[in-house]
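Examination of the molecular architecture
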Amino acid sequence: MAPSQLPDLFDPVFTLQDLSVFYGDYEAVRGVNMRIAPQEITALIGPSGCGKSTVLRCLNRMNDLILDARVAGKVTYYTEDLYGESVDPIEVRRRIGMVFQKPNPFPKSVFDNIAYGPRINGQRRGLDEIVEEALHRAALWDEVKDKLKQNALALSGGQQQRLCIARAIAVKPDVILMDEPCSALDPIATTKIEDLMQVLSRDYTIVIVTHNMQQAARVSERTAFFTAEVDERGERHGRLVEFDSTARIFSNPADKRTEGYITGRFG
Ligand SMILES: Nc1ncnc2c1ncn2[C@@H]1O[C@H](COP(=O)(O)OP(=O)(O)O)[C@@H](O)[C@H]1O
Ligand SMILES: [Mg+2]
């Protein structure tokens, strides 16, 4: 998509203002400002250790679960302070689902994996329909419709990852966060997930961390390039260097560091 075709005026799903993340005394990410557009795919790229996963985990309060992690600055979800006192982090994680690098189905049947979230939310009826719809949406139904009672761990890696996407979808999220969702998969399984992401982005806002630049270029509308900067005390901090349309980042980046990274000269 050409840069001019990307709307700059949108009601953001997330607004990050001066977001910094600490692990103990260590400031892993410093001063991030960005806005995530609805029903688009936003990619976070950059060299290992620059804070991509850390920033992603801020978007559904997953960092709450890490001992010692502390968030400073502000993350707004639509109009709400995501870290506000009245916000329930469990509800946040239902609305903002996450898919990880390594597919992590529960050691349960395919059906029970998908029904897990709805059951926890108290749903007893209509589970068959919910499971079928989530599997359809995750482009997995045809492959597993005769295996709903089989253990999910018997599926291939790519099927397991789509199952994890279906599991996230089953609780009717608004956003799906993906942290290197294809890095454990072969090229064919990767293509299936990438195709699926494109379809899902019609209905969901997607933020993906990837160290695969080609993947970011293939799937995303906007790309944020992060790097680790060394400060005067010799400490490394993750910094957002540049955030723009993916077309712009990969064809005509504004910052020399972005250019160096995408042309493979560093990082
Ligand atoms: N749970 C943690 N405890 C302490 N330091 C962490 C933790 N997770 C990440 N870090 C540190 O924070 C920095 C950013 O890490 P991360 O967000 O995982 O980067 P990326 O995903 O870009 O590879 C790194 O220096 C990493 O070692
Ligand atoms: Mg990471």
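Residues numbered from 1 in each chain as written. Chains lettered and ligands numbered in written order. Predicted model: local features only at pLDDT ≥ 70, side-chain atom pairs only at ≥ 80, totals over all residues. Heavy atoms only, no water.

Observations concerning the nonpolar core
The following threshold applies: Buried Ala, Val, Leu, Ile, Met, Phe, Trp, Tyr and Cys residues that are joined via side-chain atoms within 4.5 Å together make up what is termed a nonpolar core. Only protein chains enter the calculation, and the probe is 1.4 Å; a residue is then buried if its accessible area is under 20% of its type maximum, exposed if over 50%, and partly exposed in between. In this analysis, two residues are considered to be in contact whenever any of their non-hydrogen atoms come within 4.5 Å of each other.
If you look at the biggest cluster of nonpolar residues, it comprises 44 residues, and the most contacted ones within it are Val 110, Ile 114, Leu 135, Ile 165, Met 178, Met 197 and Leu 200. Residue contacts for Ile 165: discarding those within four places in its chain leaves Val 99, Ala 138, Met 178, Ile 193, Leu 196 and Leu 200. Judged by nonpolar contacts, the second largest core, of 31 residues, contains Leu 19, Met 34, Val 55 and Leu 59.

A few points about the environment of Cys 58
Spelled out, the test is: Secondary structure elements are taken from DSSP: a helix is a run of H or I of four residues or more, a strand is a run of E of two residues or more, and numbering for both begins at the N terminus.
Its place among the elements puts Cys 58 in helix α1 (residues 52-58). Of the residues examined, Cys 58 reaches a relative accessible area of 0% and is grouped as buried. For the pair Cys 58 and Leu 19, spaced 39 residues apart in sequence, the C-alpha to C-alpha distance is 9.0 Å. Those residues in contact with Cys 58 that lie beyond four places of it in its chain are Leu 19, Val 21, Asn 63, Val 71, Val 75, Leu 82 and Tyr 83.

Quick notes on the pattern of salt bridges
So the rule is basically this: Salt bridges are defined as contacts in which a side-chain nitrogen from Lys or Arg sits within 4 Å of a carboxyl oxygen from Asp or Glu.
Under the criterion given, the structure shown has 16 salt bridges. A salt bridge links Glu 27 to Arg 30; the nearest nitrogen and oxygen atoms lie 2.8 Å apart. With a relative accessible area of 11%, Glu 27 lands in the buried category.

Details of helix α4 (residues 127-137)
Stated precisely, the cut-off is as follows: Relevant arc is that of directions from the helix axis to the C-beta atoms, nothing else.
Looking at α4, one finds that the buried residues are Leu 127, Ile 130, Val 131, Ala 134 and Leu 135. Projection of α4 onto a plane perpendicular to its axis shows the buried side chains occupying an angular sector of 125°, all on one side. Projecting away from the buried face of α4 at angles above 90 degrees are the exposed residues Asp 128 and Glu 129. Its buried side turned inward, α4 meets α3 (110-120), α5 (141-144) and α6 (157-169).

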